[in-house]
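Secondary and tertiary structure notes
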Amino acid sequence: MPLVVAIVFLVIISVLLHLFSPWWLTPIASNWSTIDDTIHITFWVTGFVFIAVNLFMAYAIYKFRYNKDRRSRYEPENKKLEAWLTGFTGVGVIAMLAPGLFVWASFVMVPKGADEVEVIGQQWQWSYRYPGADGVFGTVDTAFIAPENLFGMNPEDPNGQDDVLVESQEMHLPVDRPVKVLLRSKDVLHDYSVPQFRVKMDMVPGSVTYLWLTPTKIGSYEILCEELCGIGHHVMRGRVVVDSQVDFNTWLAAQVTYADTLVQVAGNPQIGQSQYVLCSACHGANGEGNIVLNAPKLAGQESWYLKRQLNYYKQGIRGTHTDDLFGQQMAPMAATLADDAAINNVVAYIQTLPNDPAPVTIQGNVANGQALFNPTCGICHNRNGQGVWAVNAPALSGFSDWYLVRQLQNYKSGVRGAHPQDKFGFQMTSMVNGLKDDEAITDVVAYINSLR
Amino acid sequence: MAYVPIADQDHALHDPQSFITKYIWSQDHKVIAIQYGTIAILVGLLALVLSGLMRLQLGYPDSFSFIAPSNYYQFITMHGMIMVIYLLTALFLGGFGNYLIPLQIGARDMVFPYLNMLSVWVYLLSVIILMASFFVPGGPTGAGWTLYPPQAISRGTPGADLGIIFMLVSLAVFIIAFTMGGLNYVTTVLQARTKGMTMMRMPLSVWGIFVATILGLFAFPALFVSAVMMTFDKLLGTSFFMPAMVSMGQPLGHSGGSPVLFQHLFWFFGHPEVYIVALPAFGLVSDILSTHARKNIFGYRMMVWAIIAIGGLSFIVWAHHMYVSGMNPYFGFFFAFTTLIIAIPTAIKVYNWVLTLWHGNIRLTVPMLFAIGFIFTFIHGGLTGLFLGNVTVDLPLSDTYFVVAHFHMVMGVSPILVLFAAIYHWFPKITGKMFNVALGKIHFWLTFIGAFAIYLPMHYLGFLGVPRRYYAMGNTEFMPDSAMALNAHITQVAIFVGIVQLIFIVNILWSLFKGKPAGSNPWGATSLEWQTPDTPPKHGNWGPQLPVVYRWAYEYSFPGAKDDFIPQNMPPEDVAMLDGAGKYKGHSE
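What counts and how
- Residues numbered from 1 in each chain as written.
- Chains lettered and ligands numbered in written order.
- Predicted model: local features only at pLDDT ≥ 70, side-chain atom pairs only at ≥ 80, totals over all residues.
- Helix = DSSP H or I, 4+ residues; strand = E, 2+ residues; numbered from the N terminus.
- Buried ≥ 20, exposed ≤ 12 C-beta atoms within 10 Å, placed from the backbone.
- Domains from an automatic or database assignment.
- Contact = placed C-beta atoms within 7 Å.
- Nonpolar A, V, L, I, M, F, W, Y, C, P; charged D, E, K, R; others polar.
- Pairing = 2+ DSSP bridges.
- Axes fitted to C-alpha atoms, helices over the stretch in contact; angles between N-to-C directions.
- Parallel < 35°, antiparallel > 145°, perpendicular 65-115°, else oblique.
- Expected span 1.5 Å × (residues − 1).

Side note on unusual backbone geometry
- Cis geometry marks the peptide bond from B:P149 to B:P150, where omega comes out at 5°.
- Relative to the helices and strands, B:P150 is located in the loop between α4 (113-132) and α5 (163-191).
- The peptide bond linking B:T535 to B:P536 adopts the cis configuration, its omega dihedral lying at -5°.
- Turning to its location among the elements, B:P536 is positioned in the segment after α15 (481-514).
- For A:D176, which is not glycine, the phi dihedral falls at a positive 65°.
- One can find A:D176 in the loop between β4 (170-174) and β5 (179-185).
- Assessed through the 14 C-beta atoms surrounding it within 10 Å, A:D176 is described here as partly exposed.
- Not every positive phi belongs to a glycine, and B:H359 is a case in point at roughly 65°.

As structure tokens, then:
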């Protein structure tokens with residue numbers, strides 16, 4: 001008897017949970033409401049079977065409960081009943097499958113005249129490419145990928161010159177226009193998924209996959225990677241902004257083309273030297289850093305990292321948190337660099353400074369630090385702590401150890417990395433979870449010190 | 001000359017002489033079954049602990065500093081692989097296959113006892129290699145149980161250097177063990193059935209195990225070759241699965257390989273694997289339901305053909321795991337069609353189980369509770385499979401918690417409920433002792449309700465779009481706080497249900513030593529294993545004379561018969577009838 005009650009109870013709970021679930025399909029923002037329709041059809045068919053079969057079973061358990069004076073009915077088979085049940089199941093299957101296949105056919109066949117955009121996945125970030133004025137993508141090859149050619153553009157291909165390259169977490173799409181999203185990966189499998197769009201597809205290195213949709217609602221939606229791609233899988237987040245056509249055009253016009261990236265002038269260290277005078281007040285004439293003034297060592301850090309941080313300070317992505325006192329000091333300093341050229345110049349000058357290891361100020365359990373460093377930090381920052389440009393991980397070893405400690409604390413407390421535009425800082429806030437307390441942090445930094 | 005089954009020939013009976021040959025290097029199928037079962041359960045407990053750890057991280061993402069992202073991905077990978085291969089496959093086929101096949105078909109042993117012994121020791125070796133991967137530099141692989149390249153063997157994935165190699169080698173060794181065992185099971189079923197035991201008189205347990213083993217013999221080679229090829233890609237720099245790619249900014253030397261090719265091979269194994277686990281479960285649960293409902297299994301022939309049909313179809317549905325893998329999307333039409341077709345024989349099995357209860361005389365014993373619990377969770381898990389099998393519906397749900405909830409309900413909870421049912425059902429035969437019924441019932445209720453409470457709401461996280469295999473959700477916009485709270489609740493229940501399994505372990509160990517003697521046929525069952533002269537059955541199973549079979553395995557509540565069951569080996573003239581019922585003339589299929 002308890003079993004009968006339990007089965008009926010579980011059926012009722014299942015139905016109630018379904019009817020009153022606070023968790024249901026995230027509001028749709030694309031043309032794929034037909035997918036939702038097939039889900040609903042499937043729910044009706046399977047829901048009916050679930051309720052009917054279980055209640056029938058509960059009734060049977062109740063009605064035919066054990067009684068020592070009664071005998072079971074001896075009934076090896078009942079061909080008619082079995083044929084009916086088979087036919088009935090077949091009808092249910094067709095009712096679910098037929099609409100599903102029709103919708104799939106419309107998913108497979110991209111409408112003529114759809115716009116094209118390319119999404120590129122790599123460990124653990126997104127970037128995007130638009131075909132430019134000619135409407136044709138230039139060819140790409142992994143062999144061309146380098147720090148100055150992140151997209152692997154073929155420099156010989158004239159079609160590629162006007163390709164718009166978006167090296168940011170954010171892509172834009174115009175509303176109400178069908179778009180074919182071409183999907184490409186530089187390294188491992190990824191998956192382009194936006195729950196509000198309903199459709200998703202894996203990105204496979206060595207081939208180009210696709211999906212298509214028509215965004216129907218202006219808004220901003222999160223892009224999630226949904227194919228396991230390594231330890232940063234869960235922080236591989238992007239954003240798709242659906243704009244009006246006008247806003248989209250404005251946004252697109254502001255992006256750089258491949259041709260633009262080719263003509264970018266290298267920074268001029270001579271000019272940068274004069275701008276560095278201001279920096280040297282705290283960071284030292286040789287960029288060696290100064291613990292008393294809370295200024296970390298700069299010399300030897302890679303250009304792309306210094307440029308990004310200066311830009312972050314300028315744009316308020318860093319140095320605006322109320323508890324980030326030292327960052328707040330830095331922000332106005334960065335603001336004195338008027339434009340990208342100024343940043344390029346000062347960074348170019350820093351590259352000329354001698355890279356001597358910063359003094360050791362942090363002691364800790366090196367063995368414990370190693371155990372913490374290798375499986376997590378070491379994957380992006382490299383086992384030798386020299387950093388990996390491809391995953392936007394700066395060099396650590398030989399830099400100011402007290403500064404590393406403070407930054408790890410900041411990531412843990414949310415002082416750094418919490419800004420919505422700080423996509424790599426966001427990744428760090430998750431990765432520091434393995435560092436239990438300040439002792440673990442000093443251990444890791446002590447190990448980083450041992451790598452120099 | 002009269003036909004003498006191999007196992008019945010005098011020279012084939014190697015009676016064990018010493019403790020070592022009796023319990024360690026034993027060639028007796030029953031001892032080997034227990035060895036298989038013990039190893040599988042022990043390694044399964046480890047996988048259970050791993051799932052608890054991963055649930056801790058999911059429910060309380062910022063609280064456990066010993067679970068770094070790399071640890072989390074290692075936990076999910078090892079949990080999945082151990083549960084699917086080293087627990088479920090090994091326990092159903094190596095454990096129950098070994099124990100039941102010879103006993104249920106009336107044989108003295110497997111036809112190749114020495115090979116059988118090798119099988120279990122090679123299986124143990126594969127487990128040892130797998131365990132060793134926890135201790136190599138970098139730890140075990142964290143590539144997910146599907147081990148998809150390129151990430152399984154490239155930077156950014158835990159254990160991409162040594163852990164993955166240990167995993168691949170362990171799988172290859174496991175497959176060798178399985179092949180030794182599997183050839184044995186198939187040959188034994190085909191060659192060693194006793195007189196009168198036609199194929200269509202075999203208990204459904206044997207049918208399920210038999211067809212599952214055939215599936216395994218065809219499917220595991222695909223995994224074997226992919227393990228070998230991935231090992232070559234990693235160690236020798238070949239490019240079976242590795243395209244030209246840039247790993248962490250460094251171009252790798254590979255070119256021309258196809259990651260999708262691996263997925264085809266993996267799922268060509270992986271989908272039949274679902275049925276390698278499910279078909280034995282179907283078989284065992286059929287026998288348990290019939291016995292405790294005191295009624296013949298309904299539609300026996302249909303049940304057999306359904307097992308065969310499901311087994312056959314399971315080889316042409318594999319790419320439904322790959323609808324969003326980037327394979328040619330036109331495949332979706334074919335695989336959605338075949339996948340939903342397979343629902344029909346599966347549904348027939350469910351109907352027939354329920355119809356077996358109809359007009360039965362249902363004893364809610366502990367094994368019966370678990371068996372009925374299985375029907376409930378299997379209906380649920382089977383129906384959600386219709387969502388994922390339908391290619392269009394799979395688009396939003398693929399790679400979300402809906403998938404996790406679905407396959408745990410259908411391939412985790414359901415077969416494990418059957419395993420518990422089967423262990424409780426055959427425990428009296430295996431040990432000669434009866435288990436503690438009260439503990440068994442507590443174990444059932446907490447496990448059954450608890451498991452449903454874990455997985456039912458999880459489906460709705462999937463509808464929301466919450467992706468699986470995420471170390472932490474962070475501030476995901478479309479996830480309301482209530483969904484995060486739900487994750488914490490699921491974790492609490494999961495930890496509770498995990499701890500509840502100790503009741504089972506305690507019950508088994510306690511009953512093993514202190515249980516009451518069970519007698520030879522406590523359930524009043526018809527199949528041959530309950531008719532052995534000794535309980536537990538001795539080496540050779542049947543004493544001097546092999547049993548002779550006169551009927552199918554489901555002669556329950558035959559009209560007019562005195563007892564409500566007639567053993568398969570009872571001669572028709574010995575069947576006691578009620579007064580006035582006339583002579584016994586039974587089902588002769």
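Digging into the domain arrangement of chain A
All names here are of chain A.
- Each domain of chain A was delimited in the assignment, giving domain 1 (2-108), domain 2 (115-263), domain 3 (265-356) and domain 4 (357-452).
- Here domain 3 and domain 4 have C-alpha centroids that lie 20 Å from each other.
- Contacts between domain 3 and domain 4 engage 17 residues on the former and 18 residues on the latter.
- Residue composition of the side of domain 3 that touches domain 4, grouped by class: 6 nonpolar, 4 polar and 7 charged.

What about the environment of B:I342?
All names here are of chain B.
- The residue I342 is located in the loop between α9 (331-341) and α10 (343-357) in this model.
- Separated by 245 residues in the primary sequence, I342 and G97 place their C-alpha atoms 24 Å from one another.
- Among residues more than four places away in sequence, those in contact with I342 are I310, L313 and V317.

Description of the pairing of strand β8 (residues 209-213) of chain A
All names here are of chain A.
- Within β8, 4 of the 5 residues are buried, which leaves the element mostly enclosed by the surrounding structure.
- In this sheet, β8 lies alongside β5 in antiparallel orientation, the contact comprising 5 bridges. Bridge assignment links L183 to a residue of β8, and that residue is T209.

Some thoughts on the packing of helix α2 (residues 33-63) of chain A against helix α11 (residues 366-389) of chain B
- With their axes 9 Å apart at the nearest point, α2(A) and α11(B) run at an angle of 170° to one another. By the angle class used here, α2(A) and α11(B) are roughly antiparallel. Two secondary-structure elements touch here, α2(A) through A:T42, A:T46, A:V49, A:F50, A:V53, A:N54, A:M57 and A:I61 and α11(B) through B:I372, B:I375, B:F376, B:I379, B:H380, B:L383, B:L386 and B:F387.
- Considered class by class, the residues forming the contact of α2(A) with α11(B) number 12 nonpolar, 4 polar and no charged.

Let's talk about the sheet that holds strand β9 (residues 219-225) of chain A
Residues and elements named next belong to chain A.
- Strand order in the open sheet formed by 5 strands is β4-β10-β9-β6-β7, with mixed pairing between adjacent strands. The open sheet has two edge strands, β4 and β7 (200-203), and neither has a second partner. Going across the sheet, the axis of each strand differs from the next one's by a mean of 25°, ignoring polarity.
- When strand β6 (residues 190-193) meets β7, the two strands line up antiparallel, connected through 4 bridges. Residue D191 lies in a different strand from β7, and its bridge partner there is D202.

Quick notes on the interface of chain A and chain B
- Taken together, the contact pairs 95 residues of chain A with 105 residues of chain B.
- Put simply, the parts of the chain that give the side of chain A that touches chain B at least two residues each are α1 (2-20), α2, α3 (79-108), β7, β9, α10 (366-381) and α12 (423-431) of chain A.

Side note on α2(A)
- Between the first and last C-alpha of α2(A) there are 44 Å, a value that for 31 residues agrees with the 45 Å anticipated at 1.5 Å per step.
- Restricting attention to buried positions, one finds in α2(A) the residues A:I35, A:T38, A:I39, A:T42, A:T46, A:F50, A:V53, A:N54, A:M57, A:A58, A:A60 and A:I61.
- Residues of α2(A) that are buried sit in contact with α1 and α3 of chain A together with α10, α11 and α12 (391-397) of chain B.

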